[in-house]
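Here are the chains, one letter per residue:
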Amino acid sequence: MSAVSAPGSPDDAGRLIRPYSLTRGRTRPSRSDFAMTSQVVAVPTVTPPTDLEPEHHLILRSCAAPASVAELASRTGLPLGVLRILLSDLLDGGHVMVHESQWQRRRPDVHTLRTVLDRIRAL
């Protein structure tokens, strides 16, 4: 795969990579740890991993210091959905760490919210 260049960069002219080609056809990440405000940081290594795609390396360089998922999407120029899938690959491989805020841990899960909404509609 060829690397995705940042929007507006000189080598961005005419290059079009479909998002599904970056994610190998996957449409959902393998985990749901990536809220917009989650902080992601690359795990320091002596040598960069050789088994990753160029987009993964771009993400690792962009999160050498902690950055939010939204900020990483902006820095890399990757669509948010694609970024979340690639981040889940990196997290599964032990290349990044994700930190959630206390607020994210305390908020209700989707099942609880749907149950509340269903009960309200039933009234």
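Per-chain numbering applies: the sequence of each chain, read as written, is numbered from 1 onward. In keeping with the predicted nature of the model, local features appear solely for residues at pLDDT of at least 70, side-chain atom pairs appear and are counted solely at 80 or more, and the whole-chain, interface and lining totals rest on all residues. Side-chain numbers here rest on the full set of heavy atoms in the structure, without hydrogens or water.

- Identification of the protein as DUF742 domain-containing protein from Thermobifida halotolerans is taken from an unreviewed UniProt entry.

**Remarks on the overall build of the protein**
- The helix count covers DSSP runs of H or I at least four residues long, the strand count covers runs of E at least two residues long, and both are numbered beginning at the N terminus. Secondary structure assignment for the protein yields six helices and three strands.
- The contact rule is simple, with two residues in contact once any of their heavy atoms fall within 4.5 Å. Excluding contacts between residues fewer than 6 apart, the proportion of contacts in the protein whose partners are at least 24 apart in sequence is 69%.

**Here we look at the pattern of salt bridges**
- When a carboxyl oxygen of Asp or Glu lies within 4 Å of a side-chain nitrogen of Lys or Arg, that pair is called a salt bridge. Under the counting rule described, the total for this entry stands at one salt bridge.
- The residue Glu71 makes a salt bridge to Arg75 at a minimum N-O spacing of 2.4 Å. Taken together, the residues span about one helical turn, with Glu71 and Arg75 both in helix 3 (residues 69-76) at a distance of four residues.

**Quick look at the packing of helix 2 (residues 54-62) against helix 3**
- Fitted lines through C-alpha atoms serve as axes, helices being fitted only where they are in contact, and the angles separating the N-to-C directions of these axes extend from 0 to 180 degrees. For the pair helix 2 and helix 3, the least separation of the axes is 10 Å and the interaxial angle reads 120°. Taken together, the axes of helix 2 and helix 3 lie oblique to each other. Classified by chirality, the crossing of helix 3 by helix 2 is right-handed. Judged by residue contacts, Leu58, Ile59 and Ser62 of helix 2 engage Leu72, Arg75 and Thr76 from helix 3.
- Each residue belonging to the contact of helix 2 with helix 3 can be placed in one class, and the counts come to three nonpolar, two polar and one charged. Any angle that falls under 35 degrees is termed roughly parallel, while one over 145 is termed roughly antiparallel, one within 65 to 115 roughly perpendicular, and all others oblique. Each crossing is labelled by how the near helix is turned from the far one, with a counterclockwise turn of less than a right angle marking it left-handed and a clockwise turn marking it right-handed. For this classification, the nonpolar set comprises Ala, Val, Leu, Ile, Met, Phe, Trp, Tyr, Cys and Pro, the charged set comprises Asp, Glu, Lys and Arg, and every other residue, Gly included, is treated as polar.

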